[in-house]
Amino acid sequence: MFELPKSWQNKLQETQAVKSLESLKDFLQEEIALEKKIYPPFKKVFTALELTPFDKVKIVILGQDPYHGLGQAHGLAFSVLPPTPPPPSLVNIFKEIERDFGKKPQSNGNLESWATQGVLLLNTVLTVRDGEPASHQKKGWEVVTDEMIKALNAEAQGLVFLLWGAHAQKKQALLDSEKHLILSAPHPSPLSVYRGFAGCAHFSKANDYLIKQGLTPIDWTA
């Protein structure tokens, strides 16, 4: 039920993530036994890692935990599949992209095209109970995703980390700003978008950094 994609397994096999994944299996089996509805569907829990293999990562965007409503979460932070309309934070992300590039992004909330271009859309907690935000925090996911961030920081060079909001910004302690570009801003939620996310130009700044390294920039409007 719980197999990390090979490229990530190889990087995490000697870390605390292995033990945490074992305990997470037990925890999720208990949730199933209690007839709790879990999001995203189990086959989509590792979608972000499947679409963005370790050695293809260019940019990391950190979310907190999955959307907790029916038909929303599908394994990518901030993303939703049609016909679910983009949630408010994603609407604000799209507005910033339009402001940054002068071009409207896609009309739906599916961010798989970003993932296949090298944008790792990683929630720090990968499952949640229906209607109960943060219900799977402190069950072991944070250990697993911290090990992913540490591996990227140590083994890759010249990544871009987009840290939006206090939760994501705490992960800066795991990162080496000499090796990577770290961009911080308030969260794009309606509560904080106008405290500095609007106008942050993170998307063009990230692309400029990639171009300087001879890498293909991200088409954020795809």
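This is a predicted model, so every value here is computed, not measured.

Caption draft 1: Looking closely at the sheet that holds strand β6 (residues 181–185). Spatially, the 4 strands line up as an open sheet ordered β3-β2-β5-β6, and their pairing is parallel. Of all the strands in the sheet, just β3 (119–123) and β6 have a single pairing partner and so form its edges. Going across the sheet, the axis of each strand differs from the next one's by a mean of 20°, ignoring polarity. Relative to β3, strand β2 (residues 59–63) runs parallel, the two sharing 5 bridges. Along β3, the bridge assignment pairs Ile61 with Leu121.

Caption draft 2: Up close: the pattern of salt bridges. Tallied over the entire structure, the rule returns 8 salt bridges. Residues Glu22 and Lys25 are paired through a salt bridge, measuring 3.4 Å at the closest nitrogen-oxygen approach. Placement of both Glu22 and Lys25 in helix α2 (residues 17–33) is noted, with a separation of 3 residues, approximately one turn of the helix. A relative accessible area of 44% places Glu22 in the partly exposed class. Two residues, Glu132 and Arg129, come together in a salt bridge whose shortest N-O distance is 3.4 Å. Salt bridges sharing common partners tie together Glu31, Arg129 and Glu132.

Caption draft 3: Structural detail: the side chain of Ser79. In this structure, Ser79 sits in the loop between β2 and α4 (88–101). Among the polar contacts made by the side chain of Ser79, one reaches the main-chain amide nitrogen of Leu111 at a distance of 2.9 Å. What Ser79 contacts, discounting residues up to four positions off in sequence, is Tyr67, Gln72, His74, Gly109, Asn110 and Leu111.

Caption draft 4: Summary view of the environment of Pro87. Inspection of the secondary structure assignment puts Pro87 in the loop between β2 and α4. In the structure, Pro87 is positioned 52 residues away from Glu35 in sequence and 27 Å away in space, judged by C-alpha atoms. Sequence-distant contacts of Pro87, that is, excluding residues within four places in its chain, are made with Tyr67 and Val80.

What counts as what
- Per chain, the residues get numbers from 1 upward, laid out in the order the sequence is written.
- Where totals are concerned, whole chains, interfaces and linings use all residues; where local detail is concerned, this predicted model gives features only for residues with pLDDT of at least 70, and gives and counts side-chain atom pairs only at 80 or more.
- Excluding hydrogens and water, the side-chain values take into account all heavy atoms of the structure.
- Two strands pair under a simple rule: DSSP has to find at least two bridges between them.
- Numbering goes from the N terminus for both helices and strands, where a helix is a DSSP run of H or I of at least four residues and a strand is a run of E of at least two.
- Axis lines are fitted through C-alpha atoms, for helices just across the contact stretch, and the angle between N-to-C directions can take any value from 0 to 180 degrees.
- In the sections that follow, a salt bridge refers to a side-chain nitrogen of Lys or Arg positioned within 4 Å of a carboxyl oxygen of Asp or Glu.
- Any residue under 20% of the maximum accessible area for its type is buried, any over 50% is exposed, and the rest in between are partly exposed; the area is computed with a 1.4 Å probe on protein chains only.
- Residues adjacent in sequence count toward polar contacts only when both atoms are side-chain atoms; beyond that, a polar contact is any pair of N or O atoms within 3.5 Å, and within protein one must be able to donate a hydrogen and the other to accept it.
- Here a residue-residue contact requires only that any non-hydrogen atoms of the pair lie within 4.5 Å.

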